[in-house]
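One letter stands for each residue in the lines below.
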Amino acid sequence: MVTALSVLCGVGLVMAVLLAVGRKAFAVEVDKKLELLMKIMPGANCGGCGFPGCSGYARALADGKAEPTACPPGGPTLAEEIGKILGIEVEASEPMVALVSCAGGNDASPKRSQYSGIEDCKAAHAIAGGPKSCVYGCMGLGSCIHVCSFGAIYKTANGLVRVDPEKCTGCKKCVETCPRNIIKMVPKKADVHVLCNNPQKAKEVKAVCSVGCTGCKLCVKQSKAIEVTDALAVVNYRADTKISDTAALACPQNAIFDSRQYSITDWLENPATKEAFKKRAADWKAEEKKRKAEAKAKAGAKKDAAEKKEAANGDKEGDA
Amino acid sequence: MTVLTFKGGIHPKYNKDNTASKPITSLAAPKEIVIPLSQHIGAPARACVEKGDAVKRGQVIGEPGGFVSVPIHSSVSGEVKAVEPRLGAMGVAVPCVVIENDEQNEAVEFERLADWKKVSPDTLKDKINAAGIVGMGGATFPTHVKLSPPNNKPIDTVILNGAECEPYLTADHRVMLEHAEHVVEGLQIIQKILNAKTGIIGIEENKPDAVSAMEKACEGTDIKVVRLEIKYPQGGEKQLIDAVLKKEVPSGGLPMDVGVVVQNVGTAKAVRDAVVDGIPLIERVVTVTGSAVAKPGNFMVSIGTPVSVVLEHCEVDLEKAGKLILGGPMMGFAQYSAEPPVAKGTSGILVFEEKDVEVTHPLPCIRCGRCLDACPMRLVPADIAAYSDKRMYDKADANDALDCMECGSCAHQCPSQIPLVQKIRLAKSEILAAKRKKG
Amino acid sequence: MTKQLIVSSSPHAHSGKTTASIMWTVLAALVPAAAYSVYLFGLPALTVLLATTVFCVIFEGLSNFMMGKPVTLKDGSAALTGIILALTLPPGLPLWICGVGAFVSIVVAKSVFGGLGQNPFNPAMTGRVFLLIAFPAPLTKWLVPTGTGEMLFNKPVSAFDAAGNLVSAGAANVDAITAATPLGLLSEEGAKAVMGMDTSTEFLIGQINGSLGETSGILLLAGGIFLLTRKIISWHIPVSFMAAVAAIAAITHAVNPEHYAGALFHLLTGGVFLGAWFMATDYVTSPMFTRGKLIFGAGCGVLTMVIRLWAGYPEGVSFAVLLMNACVPIINMYTKPKKFGLQDLAAKKEAANA
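Now for a look at the structure at hand.

What counts and how
- Residues numbered from 1 in each chain as written.
- Chains lettered and ligands numbered in written order.
- Predicted model: local features only at pLDDT ≥ 70, side-chain atom pairs only at ≥ 80, totals over all residues.
- Heavy atoms only, no water.
- Helix = DSSP H or I, 4+ residues; strand = E, 2+ residues; numbered from the N terminus.
- Rg over C-alpha atoms; globule rule 2.2 N^0.38 Å.
- Buried < 20%, exposed > 50% of the residue type's maximum accessible area, 1.4 Å probe, protein only.
- Contact = heavy atoms within 4.5 Å.
- Buried area = accessible area lost by both parts, 1.4 Å probe.
- Salt bridge = Lys/Arg side-chain N within 4 Å of Asp/Glu carboxyl O.
- Polar contact = N/O pair within 3.5 Å; in protein donor to acceptor, adjacent residues only side chain to side chain.
- Nonpolar A, V, L, I, M, F, W, Y, C, P; charged D, E, K, R; others polar.
- Patch = residues over 30% accessible without salt bridge, like charges linked within 9 Å, V, L, I, M, F, W, Y side chains within 5 Å.
- Areas by Shrake-Rupley, 256 points an atom, 1.4 Å probe, with all protein chains shown as cover.
- Expected span 1.5 Å × (residues − 1).
- Axes fitted to C-alpha atoms, helices over the stretch in contact; angles between N-to-C directions.
- Parallel < 35°, antiparallel > 145°, perpendicular 65-115°, else oblique.
- Pairing = 2+ DSSP bridges.
- Disulfide = S-S within 2.5 Å.
- Core = buried A, V, L, I, M, F, W, Y, C linked by side-chain atoms within 4.5 Å.
- Domains from an automatic or database assignment.
- Lys, Arg positive; Asp, Glu negative; His and termini not counted.
- Charge placed at Lys NZ, Arg CZ, Asp CG, Glu CD.

### Regarding the overall build of chain A
Now for step 1: Scanning chain A from N- to C-terminus turns up 12 helices and 9 strands.
Now for step 2: Since a compact globule built from 320 residues should have a radius of gyration of about 20 Å, the 31 Å found for chain A marks it as more spread out than a globular shape.
Now for step 3: Principal axes of the C-alpha set define a box for chain A whose edges measure 140 × 50 × 30 Å.
Now for step 4: In chain A, which comprises 320 residues, the share counted as buried stands at 40%.

This is the structure we're talking about:
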């Protein structure tokens, strides 16, 4: 009994000493910084930083080969923490989110063919240009949903996909996946977006979608932060000017979305909201017209007066 | 006579009886012709005419955009109405030259060549290049490039592909019957250019009339006519070489790696017409058939004729149609509209009634192995498709996705109706994109 | 655009042979053998057949519903599993045991793995083996064919009343009459016990007791050949399976005829025909390549004979098939054929090196 106990204890003791020695002798050297960095990584392994996963990014950071602001899911908070660990100053960056710049659901831009095949946008786009009338619009097959590691993208009832800005970390995976380049990175705090991706001229756009941007530039008149290139209005998110809420109202196609007035879910999926907005926009437009007409009448009156004067002068000259 | 074949492949319903006996008839060019500037593999042609220009039949309207490119010619005389994007066969708008046909049919002077045997191979090649000839079986690869193998790859055999294994299509069949001498002469020209001793014409044995017509035309020459088993894809380049010469083109390689060049019989005729008569490729034989076609047939159609015009002539009621395909049923492209024009590679126009086509609802793979039995490249389509589903494109590459030639045999056989070709094609494009990225 | 055409990837043609049509064809091929078992055993066989099939279909529907998947009853795979399972069970099996078998087959062996096409093990075999291990007594109670006298294969039959007590065969209160199967006799008493049996006619036509599908060799063979002609199955698995069984039986018989029965006896008794033609050929759980199929079939045959001759169970087809199912991924890995254009490339490289 005693022998057995002492032998067991002895074996245990020897093993413990061996292990302790082994731990010191064969210790794997780990960079202290790397260890700390690994701890604060978000752990999504989304690849948004351009390195193979979170550990790859941490290693690159420790080696000084990566920017502390490169992690989209971590955002400025993580950048600050990384800065603390690495002992460097980090400039705060604007948080960006993905935005699906298409509002042409099945109701607005109907299907032009019956697609039979795999649920993948790239594959569908390669077959007769996809089933949607608008070849620049969202087909809603959801390739972006598959690549999103954060479950931030979902399908809407009317055949589109939408990014939930609260869940989106800005990793840009969806942006790379979309074969039609519909998903754009926008500042999270931006309120006004042009929800159209079609650069074609008015006639072509109207033929395929009832809410497509025709490039009419009416919105440009309302706000300097909107620019029109290739007959497509684009919000210049870098411009400091606040976009007036009349920009959305001025759009004859209802292609501009203003998050200060409606939630995007309502805007895209609730027909009642759409109707209400349409009415508001129409009212505003009518008023604007009236205002313009009045202004014109005034100007016209002035002009008339001036013309009369001129005519009178002319008569005089003729006489002379 | 022995019947030659390859391993794998399928036996689809051929459905050629409707048009096989219909002689080629010419279709008058319509009032408006839309000629795409890219009807071939390679760089698109550059338009060299402008709106308002008067053009003649056969006049160059697009200059080649590089070595792997060909010029584009006007198929009618008239006035250029626009150079603008129009709907092409892939469902998206492509740059086109739109010409209003003045119906005068005024042609440029074609440069005839009485005795091509006395001319140097390079001159012949230039003539082929100038005529804008591409592979007319559907691949549309510029012919002059195929006829310019590097010096270290001597060509000893030219095989003319008269298999026409695509169901429904009979364009090549009719060309062999009606222009047998021209096809043989075309083959001789190609042989001269390549300095190839052997010329072989392979024809599937369901076209005995074509076999005897070609045999008759080959009398007095060294050219052999061989019969091939009725099997799809017997006309696939690598399968044809395997069947005729018992040679396997190495994976990732080209027929020239085994000293062979394969040309379609239609291409051979076009080569002959270009060299001897000086006529560029401005019209081609198109088979129009399918269950929704009241008057099917084989037609000589001017390049640029909108499909809708051809269908009108064949009395197709598009309201009853369920599917419109440019090309054959195995490798052709489904269309959502009849607006695209007939191009150099359009070998057929198929229209099926709504009741004959359906939106499929694939079931899970049951690992029955029909796809791999059918695959002429001896791949495992089910595995590649499964990796494509899971977006594991590197694994798909390791399973030789890039060897797939998209013949469609696997999907034709799949009892679960899985769109295998589409999945593999997606994997292929992703693999190639990743390789390009790496550089 | 008023008219919407269908657009899809090439090819636009299909062979017309669908998963459902394949399943129903296999089912049709099994009908003669199933019908014959009903003729042979009467109502007890019919109830087992119906109960198992109905239970399988119900469980399939239920698991589809619970997993939120599209209902897959139309493809016929559940009904087919049910019929095959029934054919491996003895007639007169209590219905609730049939239900348990169906549950294990459909839910445990198939739906849990992701449904059709995802299961590594043959569902019907899994169900049968589960029952055999869980309920050994009812699973080895072999009813004799109706019209058999008091003797079967020169052995007296055993008669039971409704409570399960042994009674005399001629008694009025007999509920079931059973006897050992030929394989059971062989296992317990050696080859001498089965020597006098008429292998050529009784076994081939099926005047024997056993599971529903172990009776008529000729009808199963007919079903298998029907599947061959319809190109539903290839010859590789059944032929290599039966060849391996026959070869081992012939060799052992030649070595010691006193102890081991002959090739024909082993082929025609038990589930070799059912296993070789209908269970080992299940697409999902068998190899995809020709060479692999031959290895798989031979493996099934060898394991069947090993279990029959030297293990505790008199019959080993279901164990053999399941064991070989487990080997399928590795068989597939090593039997994948070389792709087109590789042979020449290898030859060229060698030539270049030389």
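So much for the structure itself; the text now carries on.
### So, the interface of chain B and chain A
Now for step 1: If you look at the interface, chain B gives 15 residues, while chain A gives 19 residues.
Now for step 2: Summed over both sides, the interface of chain B with chain A buries roughly 1,400 Å², with 57% coming from carbon and sulfur.
Now for step 3: The largest share of the area that chain B buries against chain A comes from Tyr-336, Arg-391 and Gln-422 of chain B, three residues that together contribute 41% of it.
Now for step 4: On the surface where chain B and chain A come into contact, there are 2 salt bridges.
Now for step 5: Taken together, chain B and chain A are joined by 8 residue pairs in polar contact (both at pLDDT 80 or more).
Now for step 6: Where the side of chain B that touches chain A is concerned, the elements lending two or more residues are β17 (333-335) and α14 (420-438) of chain B.
Now for step 7: Residues of the side of chain B that touches chain A, tallied by class, amount to 7 nonpolar, 4 polar and 4 charged.

### Brief notes about a nonpolar patch on the surface
Now for step 1: On the surface, a cluster of nonpolar side chains totalling about 470 Å² of accessible area is made up of Val-7, Val-11, Val-14, Met-15 and Leu-18 of chain A.
Now for step 2: Structurally, the position occupied by Val-14 of chain A is in helix α1 (residues 2-25).

### Some thoughts on helix α8 (residues 265-277) of chain B
Residues and elements named next belong to chain B.
Now for step 1: In a regular helix each residue adds 1.5 Å, so 13 residues correspond to 18 Å; α8 covers 17 Å between its end C-alpha atoms and thus fits that length.
Now for step 2: Of all 13 residues that make up α8, 13 are buried, and the element is covered over most of its length.
Now for step 3: With a side-chain oxygen lying 2.6 Å from the backbone nitrogen of Gly-266, the N-terminal cap of α8 falls on Asn-264.

### Description of the packing of helix α1 (residues 19-41) of chain C against helix α10 (residues 217-229) of chain C
Residue and element names in this part refer to chain C.
Now for step 1: The contact between α1 and α10 brings their axes to 8 Å, and the two run at 170 degrees. Of the possible angle classes, the one that applies to α1 and α10 is roughly antiparallel. Seen from α1, the contacting residues are Thr-25, Val-26, Ala-29, Leu-30, Pro-32, Ala-33 and Tyr-36; seen from α10, they are Leu-219, Leu-220, Gly-223, Phe-226 and Leu-227.
Now for step 2: Each residue belonging to the contact of α1 with α10 can be placed in one class, and the counts come to 10 nonpolar, 2 polar and no charged.

### Overview of the sheet that holds strand β13 (residues 260-264) of chain B
Residues and elements named next belong to chain B.
Now for step 1: Strand order in the open sheet made by the 5 strands is β1-β12-β11-β10-β13, with parallel pairing throughout. Pairing within the sheet leaves two strands with one partner each, and these edge strands are β1 (3-4) and β13.
Now for step 2: Where strand β10 (residues 157-162) and strand β11 (residues 198-204) come together, 6 bridges link them in parallel fashion. Residue pairing across strands places Asn-161 opposite Gly-202, the latter belonging to β11.
Now for step 3: Each of β1, β10, β11, β12 (224-228) and β13 touches helix α7 (residues 237-245); the most contacted strand, β10, lies at about 115 degrees to it.

### Structural notes on the state of the cysteines
Residue and element names in this part refer to chain A.
Now for step 1: Evaluation of the coordinates by the stated rule reveals 0 disulfides over all chains.
Now for step 2: For Cys-102, which is in no disulfide, the shortest distance to another cysteine sulfur is to Cys-138 and amounts to 5.6 Å.
Now for step 3: Classification of Cys-102 as buried rests on a relative accessible area of 8%.

### Re the sheet that holds strand β6 (residues 60-63) of chain B
Now for step 1: Pairing is antiparallel across the open sheet formed by 3 strands, whose spatial order is β4-β6-β7 (chain B). Two strands lie at the open edges of the sheet, namely β4 (46-47) and β7 (72-73) of chain B, each paired on one side alone.

### A look at the nonpolar core
Now for step 1: Counting residues in each nonpolar core, the largest one holds 80 residues, and the members touching the most others are Leu-30, Phe-241 and Phe-278 of chain C.
Now for step 2: Among the elements that make up this core, the one with the highest residue count is α1 of chain C (11 residues).
Now for step 3: There are two domains that each give this core at least three residues, and those are domain 1 (19-138) and domain 3 (181-335) of chain C.
Now for step 4: When sequence neighbours within four positions are dropped, the list of residues in contact with Phe-241 of chain C reads Val-272, Gly-275, Ala-276, Ala-280, Gly-297, Ala-298, Cys-300, Gly-301, Thr-304, Val-317 and Val-321 of chain C.
Now for step 5: Cys-144, Val-186, Ile-226 and Ala-233 of chain A belong to the second-largest nonpolar core, a separate cluster that totals 53 residues.

### Quick look at the pairing of strand β7 (residues 226-229) of chain A
All names here are of chain A.
Now for step 1: Alignment of β7 against strand β8 (residues 232-235), held across 4 bridges, turns out to be antiparallel. Directly across from Ile-226, in β8, lies its bridge partner Val-235.
Now for step 2: Remark: 2 residues form the turn of the hairpin made by β7 and β8, two consecutive strands paired antiparallel; Asp-230 in that turn has positive phi of roughly 50 degrees.

### Brief notes about a negative patch on the surface
All names here are of chain B.
Now for step 1: A cluster of acidic residues, Glu-79, Glu-100, Asp-102 and Glu-103, forms a negative patch at the surface.
Now for step 2: Relative to the elements of secondary structure, Glu-79 occurs in strand β8 (residues 78-87).
Now for step 3: Classification of Glu-79 as partly exposed rests on a relative accessible area of 43%.

### Topic: the interface of chain B and chain C
Now for step 1: Each partner contributes to the interface: chain B provides 60 residues, whereas chain C provides 39 residues.
Now for step 2: The contact between chain B and chain C buries some 4,300 Å² in all, and 57% of this surface belongs to carbon and sulfur atoms.
Now for step 3: Looking at the side of chain B facing chain C, the largest losses of area belong to Ile-366, Arg-367 and Arg-378 of chain B, adding up to 16% of the total buried there.
Now for step 4: Across the contact surface, chain B and chain C share 2 salt bridges.
Now for step 5: Taking the shortest distance from any N to any O, the salt bridge between Lys-339 of chain C and Asp-403 of chain B comes out at 2.6 Å.
Now for step 6: On inspection of chain B and its partner chain C, the count reaches 20 residue pairs in polar contact (both at pLDDT 80 or more).
Now for step 7: Mapped by element, the contributors of at least two residues to the side of chain B that touches chain C are α7, β16 (321-326), β17, α10 (370-374), α13 (409-413) and α14 of chain B.
Now for step 8: Top contributing element to the side of chain B that touches chain C by residue count: β16 of chain B, with 5 residues.

### Re the pattern of salt bridges
Residues and elements named next belong to chain B.
Now for step 1: Under the counting rule described, the total for this entry stands at 36 salt bridges over all chains.
Now for step 2: With a closest N to O distance of 3.8 Å, Lys-56 and Glu-106 form a salt bridge. Of this pair, Lys-56 sits in the loop between β5 (54-55) and β6 while Glu-106 is found in the loop between β9 (93-101) and α2 (121-130), placing the two residues 50 residues apart along the sequence.
Now for step 3: The closest approach of N and O atoms between Arg-272 and Asp-277, which form a salt bridge, is 3.0 Å. Of the two residues examined, Arg-272 and Asp-277, each falls in the buried class.
Now for step 4: Through salt bridges that share partners, Arg-112, Glu-185, Lys-269, Arg-272, Asp-273 and Asp-277 make up one connected network.

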